[in-house]
Amino acid sequence: MRVSRRVRPADLPYVKANVMANTISPHNPALAPVAAEQRVFSGLSHASLWFSLGVGLLVMQVGAYLVPAVGTRDALWAIVLGSLVGSGLLAWAAKLGCDTGLSSAGLMHAVYGSAFARLPVLLNILQLLGWTSFELVVMREGTQAIAHQALGIELPAAVATALWGGVLTLLMLGSMLTLVRRFVSRIGLPLVVLSLLWLSWQFFGLVQQQGLSGFWHRAGDGSMGLFSAIDLVIAMPVSWLPLVADYARHGRSGQSTLRGTWIGYAVANIWCYALGVLVASVSEPGAPLVSTLLLAQGGLLALGLILLDELDNAYGDTYSGAVSLGSLRPVWTVRQWGVAMAVLCTALAWALPMHSLEPFLLMLSSVFVPLYGVILGRLGCRTLAPTSKRAVDLSAALIWLLGIAVFHGTARWAPEWGSTLPSLLVTGVAACAWRSRCI
């Protein structure tokens, strides 16, 4: 029996999502809008998830790098401004994912065409394999440092890698929705907040002992300008753009998804960058961040909790990679792809020199800044644009290539202005101006 009813404004995102599903692929779960019963994330769920994903040792290390380059005051200004702008862009993309119900791969198909979108999806899978493996290396090295400091033993790299890889594989066997709502929000988040509070208190006390005036007026060496520092801070939340829709599509409403993502990630990013500044200000030049954290009172426990939270980052990369793999080959479920990816990344973390490959991963990540500039310009400008019915949307592809050229061109010839914002601005404006041609 057919039931007809009037469409309410609140239902428009679902109507648009259904239109997109029919345009893209009604038979591929990774490309079709998520079912209504799976839209269970509240604003608090998004805030908890993205606060957790925003906390990491890598963020603190970059914060520590800012201090000698630009000085304390400029570093803190860059941290606040860059975090607000970068997290705002991330939240905007999250709202698109929630409004359409589409995954990151689905958004790429919607804008670039069903055939051309396979290229950025493949690149995303490649970078997620690399970053998951890199996260496992970070956790391995942190675990080895803790074992040496607390137990006086040298833990073999293969054992530490297998330990974290095994935990990641077990997590992939469970439900992402349950993990976020029950573990991250209720257990993981409070523990991580307590560890950050403790470390902040400890290192702020050390700064006070050395003199707040000297800390505040510390000058940089001029190796980086303020805009470059802001660009470096923006790069961290923007690096999550190719993943955010895979989680945001499960949100109950676009507005709560936007607010939760923005607030959660901005607070975590500001906090961890600023903590890195504090640590660098009281440590010996060239001292490893992990070693300095361990020397703090209670640092062993706090670092252990942060390492546990680092697992969220590896899980986030793996889950999103599994969704993207499912969009290409739907013969396996997201859970099966996730387990396979976790096992592969464990092997890569053990076998490859991931620290040597980090510059390649950063270079690969740069292509997603203009990629999402086009997506935000096409789908986020005023109202959702019609999805591309073409195999290749040439205008979107050309704007993306232009954005990549702008990103690397500014990095080479005008590094003082940064690369992220110019690339996003050029691609976003061009895509918004040409959105009427996306048919």
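A brief structural summary. If you're wondering where the values come from, they're calculated on a predicted model, not measured in any experiment.

### Quick look at the pattern of salt bridges
Move 1: Per the counting criterion, the structure on display carries 2 salt bridges.
Move 2: A salt bridge links Lys95 to Asp99; the nearest nitrogen and oxygen atoms lie 2.6 Å apart. On the criterion of helical spacing, the pair formed by Lys95 and Asp99 is a turn pair, its members being 4 residues apart in helix α4 (residues 72–100).
Move 3: Here Asp393 ties to Arg378 by a salt bridge, and the two come within 3.7 Å at their closest N and O atoms.

### What about the packing of helix α8 (residues 176–210) against helix α14 (residues 299–328)?
Move 1: The interhelical angle for the contact between α8 and α14, taken along N-to-C directions, is 145 degrees, at an axis separation of 9 Å. Here α8 runs over α14; the crossing is left-handed. For the pair α8 and α14, contact is made by Met176, Leu179, Val184, Leu191, Val192, Ser195, Leu196, Trp198 and Leu199 and by Gly299, Ala302, Leu305, Ile306, Asp309, Asp312, Tyr315 and Tyr319, respectively.
Move 2: Class assignment for the residues of the contact of α8 with α14 results in 13 nonpolar, 2 polar and 2 charged.

### A few points about the layout of surface pockets
Move 1: Quantified by volume, the largest pocket comes out at close to 1,000 Å³.
Move 2: The wall of the largest pocket is formed by 44 residues, among which Leu232, Ala235, Met236, Leu362 and Ser365 lie closest to the centre.
Move 3: A per-class count over the lining of the largest pocket returns 26 nonpolar, 13 polar and 5 charged.
Move 4: Its volume calculated, the second largest pocket comes out at about 520 Å³.
Move 5: Taken together, 23 residues form the lining of the second largest pocket, with Gln38, Tyr319, Val323, Val334 and Arg335 sitting closest to its centre.
Move 6: Here the lining of the second largest pocket gets 4 residues from one element, more than from any other, and that element is α14.
Move 7: Here the lining of the second largest pocket is composed, by residue class, of 14 nonpolar, 7 polar and 2 charged.

### Digging into the side chain of Thr427
Move 1: Among the structural elements, Thr427 can be located in helix α19 (residues 420–433).
Move 2: A distance of 2.8 Å separates the side chain of Thr427 from the backbone oxygen of Ser423, its partner in a polar contact.
Move 3: The contact partners of Thr427, leaving out residues within four places of it in the chain, are Pro370, Gly373, Val374, Ile399 and Gly403.

### Comments concerning the packing of aromatic side chains
Move 1: According to the stated counting rule, one finds 12 aromatic pairs in the structure shown.
Move 2: Relative to Phe134, the ring of Trp131 has its centre 5.6 Å away and its plane inclined at 90 degrees; by these criteria the two rings are edge-to-face. Of this pair, Trp131 and Phe134 both sit in helix α6 (residues 118–151), 3 residues apart, roughly one helical turn. Residues Trp131 and Phe134 agree in their burial class; the two are buried.
Move 3: Site record: aromatic cluster; members linked through ring pairs are Trp50, Trp240, Tyr247, Tyr265, Tyr315 and Tyr319.

### Considerations on the environment of Trp413
Move 1: Residue placement: Trp413 occurs in helix α18 (residues 394–413).
Move 2: You can call Trp413 exposed: its relative accessible area is 67%.

### Here we look at the side chain of Thr72
Move 1: Counting through the fold element by element, Thr72 comes out in helix α4.
Move 2: With relative accessibility at 0%, the residue Thr72 sits in the buried group.
Move 3: Side-chain polar atoms of Thr72 contact the backbone oxygen of Phe215, separated by 2.6 Å.
Move 4: Dropping the residues within four chain positions of it, Thr72 is found in contact with Phe215, Trp216 and Arg218.

Here is what the cut-offs are and how they apply
Residues numbered from 1 in each chain as written. Predicted model: local features only at pLDDT ≥ 70, side-chain atom pairs only at ≥ 80, totals over all residues. Heavy atoms only, no water. Salt bridge = Lys/Arg side-chain N within 4 Å of Asp/Glu carboxyl O. Helix = DSSP H or I, 4+ residues; strand = E, 2+ residues; numbered from the N terminus. Axes fitted to C-alpha atoms, helices over the stretch in contact; angles between N-to-C directions. Left-handed = near helix turned anticlockwise from the far one by under 90°. Contact = heavy atoms within 4.5 Å. Nonpolar A, V, L, I, M, F, W, Y, C, P; charged D, E, K, R; others polar. 1 Å grid on protein atoms, 1.4 Å probe; cavity = no way out; pocket = protein on both sides within 12 Å on 5 of 7 lines; lining within 4 Å. Points joined across faces, edges and corners; volume = space filled by probe spheres on them. Polar contact = N/O pair within 3.5 Å; in protein donor to acceptor, adjacent residues only side chain to side chain. Phe/Tyr/Trp six-rings, centres within 6.5 Å; stacked < 30°, edge-to-face > 60°. Buried < 20%, exposed > 50% of the residue type's maximum accessible area, 1.4 Å probe, protein only.

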